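Analysis of the macromolecular model
Below are the chains, spelled out letter by letter.
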Amino acid sequence: MSFSLIILAAGNSHRFRSKVSKPYQKIAGKSLIEINVIKARKFNQIKKIMVVYNKKDIKRIKSLKLKNVQLIKGGETRQQSTFNALKYLNSQKSISKVLIHDAARPNF
């Protein structure tokens, strides 16, 4: 069985009160997004990884240089961001199982 993983990182992090959004905060030199991607790659069943990002963070997400990760622009709400990723997956036609995870919680 194979899966696609959607990592949601398009929020504004208003409550976090930092100039750097939560997904880009670093722990031991790695951003939360990078930690999520590294952990996801340990599961052979996950065949495709997508990161949904906030358009204001385009420079940050590109600076991570994530390999074999599809970047999807997020929407105004979490639901719209998730829908954008699902629309992309639907266009791929070979995906049937999808996992959705929040980038701010890297310990899945």
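Up top is the structure these notes are about.
What comes next is a walk through the structure. For every chain, the first residue of its written sequence is number 1, and the numbers climb from 1 along that sequence. Side-chain atom pairs in this predicted model are given and counted only at pLDDT of 80 or more, local residue features only at pLDDT of at least 70, and totals for whole chains, interfaces and linings cover all residues. Side-chain measures were taken over the full set of non-hydrogen atoms in the model, leaving aside hydrogen atoms and water.

A few points about helix α3 (residues 78-92)
- Here α3 contains 15 residues, and its C-alpha end-to-end distance of 22 Å stays within 8% of the 21 Å for a straight helix at 1.5 Å per residue.
- We call a residue buried when its accessible area falls under 20% of the maximum for its residue type, exposed when it is over 50%, and partly exposed in between, using a 1.4 Å probe and counting protein chains only. What counts as a helix is a DSSP run of H or I of at least four residues, what counts as a strand is a run of E of at least two, and both are numbered from the N terminus. Within α3 the residues assigned to the buried category are S81, T82, A85, Y88 and L89. Down the axis of α3, the buried set is contained in an arc of 120 degrees. They therefore lie on one face. Every exposed residue of α3 that faces more than 90 degrees away from the buried side is listed here: Q79 and N90.
- The contact rule is simple, with two residues in contact once any of their heavy atoms fall within 4.5 Å. Check the buried side of α3 and you find it contacts β1 (3-9), β4 (46-53), β5 (69-73) and β6 (98-102).
- Of the residues one or two after α3, K93 is the one with positive phi, at around 65 degrees. How far a helix is expected to stretch is found by multiplying one less than its residue total by 1.5 Å. By definition, the arc is the one covered by directions from the helix axis to the C-beta atoms.

A short note on unusual backbone geometry
- Here A28, not a glycine, exhibits a phi torsion of approximately 55 degrees, which is positive.
- Mapped onto the fold, A28 is located in the loop between β2 (26-27) and β3 (30-31).
- You will see that N68, though not glycine, has its phi angle at about 55 degrees, which is positive.
- With respect to the element layout, N68 can be found in the loop between α2 (58-63) and β5.
- What makes N68 exposed here is its relative accessible area of 75%.

Thoughts on the nonpolar core
- Here, nonpolar core refers to any group of buried Ala, Val, Leu, Ile, Met, Phe, Trp, Tyr and Cys residues whose side-chain atoms link them within 4.5 Å. With 15 residues, the main nonpolar core has I7, Y24, I33, V37, I49, V51 and I61 as its most contacted residues.
- Of all the elements in the fold, those that place two or more residues in this core are β1, α1 (32-40) and β4.
- Broken down by element, the residue count for this core peaks at 4 residues, all from β4.
- When neighbours within four sequence positions are excluded, I7 is seen to be in contact with N36, V37, I49, M50, V51, V52, H101 and A103.

Observations regarding the side chain of D102
- Here D102 is to be found in strand β6.
- One polar contact links D102 to R105, side chain to side chain, over a distance of 2.5 Å.
- Discounting chain neighbours no more than four positions away, the residues touching D102 are L8, N36 and R78. Here a polar contact means two N or O atoms within 3.5 Å. Within protein one must be a hydrogen donor candidate and the other an acceptor candidate, and residues neighboring in sequence count only if both atoms are side-chain atoms.

Points about the side chain of S4
- In this structure, S4 sits in strand β1.
- S4 sits in the buried class, given a relative accessible area of 1%.
- Setting aside chain neighbours within four positions, we find S4 in contact with K48, M50, L89, I95, K97, V98 and L99.

Examining the sheet that holds β4
- The criterion for strand pairing is that DSSP finds at least two bridges linking the strands in question. Taken together, the 4 strands give an open sheet; going across it, the order is β5-β4-β1-β6, and neighbouring strands pair in parallel fashion. Two strands lie at the open edges of the sheet, namely β5 and β6, each paired on one side alone. Ignoring which end each strand starts from, the neighbouring axes of this sheet average 25 degrees apart.
- Two elements, β1 and β6, share 5 bridges in a ladder whose sense is parallel. The partner of L8 across the bridge, within β6, is D102.
- Throughout, an axis means a line fitted to C-alpha atoms (over the contacting stretch in the case of helices), and angles, computed between N-to-C directions, take values from 0 to 180 degrees. Contacting β1, β4, β5 and β6, α1 runs over the sheet at an angle of about 170 degrees to β4.

That's the geometry; what it means functionally is another story.
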